[in-house]
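Reading the structure
Listed below are the residues making up each chain.
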Amino acid sequence: FSFLLLRGRCRFCQKPIPRWHVGIELAAVGVFLVLGAFSAGRHTFDLVTLTLAFVILLLLSAVDSRQMTLPDALVLALAVVGLSRALFLGSPSFASALLGGAVGLLVLGFLAFIPWEPSRSLLRFTFERDRQRRTDETGGRRSRTALAFSSAMGLGDVKLAGAMGLTLGLPGLL
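Below is a short write-up of the structure. (Residues numbered from 1 in each chain as written. Predicted model: local features only at pLDDT ≥ 70, side-chain atom pairs only at ≥ 80, totals over all residues. Heavy atoms only, no water.)

**Here's the deal with the overall build of the protein**
- On a plain count of helices and strands, the protein comes out with 7 helices and 0 strands.
- Put simply, the protein runs from its N terminus to its C terminus through helices and strands in the order α-α-α-α-α-α-α.
- For the protein, the residues scored as buried account for 28% of the 174 residues in total.
- Accessible surface for the protein amounts to roughly 11,800 Å². Of this, 66% is attributable to carbon and sulfur atoms. (Helix = DSSP H or I, 4+ residues; strand = E, 2+ residues; numbered from the N terminus. Buried < 20%, exposed > 50% of the residue type's maximum accessible area, 1.4 Å probe, protein only. Areas by Shrake-Rupley, 256 points an atom, 1.4 Å probe, with all protein chains shown as cover.)

**Structural notes on the packing of helix α4 (residues 72–88) against helix α7 (residues 155–173)**
- The N-to-C vectors of α4 and α7 enclose an angle of 20°; their axes lie 7 Å apart at closest approach. Judged by the inter-axis angle, α4 sits roughly parallel to α7. Considering how the two elements wind past one another, α4 and α7 form a crossing that is left-handed. Taken together, the residues of α7 that come into contact with α4 (itself represented by Asp72, Val75, Leu78, Ala79, Gly82 and Leu83) are Lys159, Leu160, Ala163, Met164, Leu166 and Thr167.
- Across the contact of α4 with α7, the residue classes break down as 8 nonpolar, 2 polar and 2 charged. (Axes fitted to C-alpha atoms, helices over the stretch in contact; angles between N-to-C directions. Parallel < 35°, antiparallel > 145°, perpendicular 65-115°, else oblique. Left-handed = near helix turned anticlockwise from the far one by under 90°. Contact = heavy atoms within 4.5 Å. Nonpolar A, V, L, I, M, F, W, Y, C, P; charged D, E, K, R; others polar.)

**Re the nonpolar core**
- Judged by nonpolar contacts, Ala53, Ile56, Leu60, Leu70, Val75, Leu78, Ala79, Val81, Leu160, Ala163 and Leu166 together constitute the single largest core of 11 residues.
- Contributing elements (two or more residues each) for this core: α3 (44–67), α4 and α7.
- Considering each element in turn, this core owes the most residues, 4 residues, to α4.
- If near-sequence neighbours (up to four positions away) are discounted, Leu70 is found in contact with Leu60, Asp64, Val75, Gly156, Asp157 and Leu160. (Core = buried A, V, L, I, M, F, W, Y, C linked by side-chain atoms within 4.5 Å.)

**Structural notes on the side chain of Thr49**
- If you trace the backbone, Thr49 turns up in helix α3.
- In this structure the side chain of Thr49 is engaged in a polar contact, spanning 2.8 Å, whose partner is the side chain of Arg85.
- Each residue touching Thr49, except ones within four places of it in the same chain, is listed here: Val81, Arg85 and Leu89. (Polar contact = N/O pair within 3.5 Å; in protein donor to acceptor, adjacent residues only side chain to side chain.)

**Quick notes on unusual backbone geometry**
- For the peptide bond that leads from Ser91 to Pro92, omega is 0°, which places it in the cis range.
- On the secondary structure map, Pro92 appears in the loop between α4 and α5 (94–112).
- Within the chain, Arg7 stands out as a residue other than glycine whose phi angle is a positive 55°.
- Note that Arg7 resides in the loop between α1 (2–5) and α2 (19–37).
- In the Ramachandran plot, Gln14 falls in the positive-phi region, its phi being about 65° despite a non-glycine side chain.
- Inspection of the secondary structure puts Gln14 in the loop between α1 and α2.

**A word on the pattern of salt bridges**
- What the rule picks out here adds up to 3 salt bridges.
- Where Arg85 meets Asp46, a salt bridge forms, and the shortest distance between an N and an O atom there is 2.5 Å. Here Asp46 lies in helix α3 and Arg85 lies in helix α4, a separation of 39 residues in the sequence. Exposure class is identical for Arg85 and Asp46. Each is buried.
- Through salt bridges with shared partners, one network takes in Arg42, Asp46 and Arg85. (Salt bridge = Lys/Arg side-chain N within 4 Å of Asp/Glu carboxyl O.)

This is the structure we're talking about:
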């Protein structure tokens, strides 16, 4: 309601607040309402960890769509939520969670390093173009990244697949 009361401006500096902020907040309210509607008979820890997982995924989606990056802190938080569910609720089993995390990391990690040809796949290895772009961005200095891939998939996606494997277990990941 503060967005409406302040007419979409920051209380302190009076700069406009982007509308997508409101969209994220409304989506979070939607997550809370849906999980609340299906919470009958669920253990409190189960509901709290499910809510955290969905809110983290919402934040990851928002950041990825705006900046094309997946913050390590959010991916790590999702992994911790998944491991907590496995340890304290047994959902998924701890072994399944570890196996799912390993498979997610290894399979997507393997796919990320395959030099895809444009005629064979939508994922393309674009080392030369990305190396030139990164060189231009850094003013001629070499980039910290040895290999650069197209914007379709990056190493953040690999880490996210591992966190999803920890959260869902191997059957849920596949």
